[in-house]
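Chains, contacts and geometry: an overview
Now for the letters of each chain:
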Amino acid sequence: MATPDPGADRLRLVIVGGYLGAGKSTWLRHQLYAGAFPGARLIINEAAELAVDDALFGGRYPVTLLAGGCACCAGCPAFLDALRDLCDRRSREAGPDGRTSLAVLETSGLADPGAIAAALRADPMLAFHVTLAETIVLVDAQNAAAQLAAEPLGRAQVEAADRLVLTKTDLAAPADTARLVATLRRLNPAAPITADIRGEPAALPDMPSAAPLPLAQQDGAPILPVQITLPDGLDWAAFAVWLSALLSAHGQDIVRVKGTLRTPAGRLLLQGIRTHVQPPEILPDVPANDPLDGTPDRPPARDGTIVLIGRGIDTDRVTRSLARFAARLL
Ligand SMILES: [Zn+2]
């Protein structure tokens, strides 16, 4: 794990993922039209050799096309090369204002965004120059139930999401959509869920008692969020050592780590997917900008509170382990 670098002017990367046919291009096009990602460079990944999607963006945004290999596996080297290229070009662009500061990757429908994040973190140059800003995963309301039941990949995509967007809810019965929402909340309790039909926000069915779909357990324990509060006076570097040790011991069971902590350098946003923790980012002090705050699904988290999401995490054991570690230092 790197130490915080408040001066780092990193390229922010947004990953737009989702299963084949989830409507990623349509959603992205509408978002761009609405101005959601100003000045972004688009990286469009098609697993197939034939790439057609870039024509859809109509030349209004610069597009890098990656065809012939999925960015999470076979096409990963090409994806990392494209990002290195972009960082390189960025370093020659004038001043922070003229510089490309955002890239949006539309993944192939077969990509696991968690694997892309891991590849990014494993590359020392990119880990330093690129920050994963958000992973948005689109879920097709018409077909996701079947995909989640049959495909481990569908679940991996949902688990890796910072937020989930349901598409095609107009083509699914409200009761089915409500069960899907309950299932997604079980798989990824921290991700807010919204619905979008061809670029228009849509309401989710108001059926809070809907039961999740009976998905076969992959390894027995459901994925649940666990909150831990950091002991007062524990500094970032010490906490980073403890967290690295925890993740290397239990990283396959812990799918997400997220939280903010107060340090002498400022407020740090910490986030990780599986065993990979991003270099922490200094946050502005304005709570309104806090990505952890202000969504109905995600209650505001206080500084010094870390949320771990995973299978079979024992809150007491984790809290005791951290307290023991802190006691040796303080
Ligand atoms: Zn892949």
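Quick note: structure is the one above.
Residues numbered from 1 in each chain as written. Predicted model: local features only at pLDDT ≥ 70, side-chain atom pairs only at ≥ 80, totals over all residues. Heavy atoms only, no water.

1. With respect to the overall build of the chain
Tallying secondary structure elements over the chain gives ten helices and 14 strands in all. For the chain, with 330 residues in total, the buried portion stands at 51%. Of the accessible surface of the chain, which amounts to about 15,000 Å², a share of 55% is contributed by carbon and sulfur atoms. (Helix = DSSP H or I, 4+ residues; strand = E, 2+ residues; numbered from the N terminus. Buried < 20%, exposed > 50% of the residue type's maximum accessible area, 1.4 Å probe, protein only. Areas by Shrake-Rupley, 256 points an atom, 1.4 Å probe, with all protein chains shown as cover.)

2. Structural notes on the coordination of the zinc ion
Metal coordination angles have textbook ideals: 109.5 degrees for a tetrahedral set of four donors and 90 or 180 degrees for an octahedral set of six. Cys70 (SG), Cys72 (SG) and Cys73 (SG) make up the full set of protein donors to the zinc ion, lying at 2.2 to 2.3 Å. Mapping the donors of the zinc ion onto the primary sequence yields the spacing C-x1-C-C. Here Cys73 falls in the partly exposed class, since its relative accessible area comes to 47%. (Donors = N, O, S within 2.8 Å, 3.2 Å for Na, K, Ca; no water.)

3. Focus: the environment of Gly69
Its location among the elements puts Gly69 in the loop between strand E3 (63-67) and helix H2 (76-92). Sequence spacing of Gly69 and Asn45 is 24 residues, and the spatial spacing of their C-alpha atoms is 7.7 Å.

4. Observations concerning the environment of Pro231
Mapped onto the elements of the fold, Pro231 is located in the loop between strand E9 (223-229) and helix H9 (236-250). Along the chain, Pro231 and Thr305 lie 74 residues apart, while their C-alpha atoms are 9.7 Å from each other. With sequence-adjacent residues up to four places away left out, Pro231 is seen in contact with Leu322 and Ala326. (Contact = heavy atoms within 4.5 Å.)

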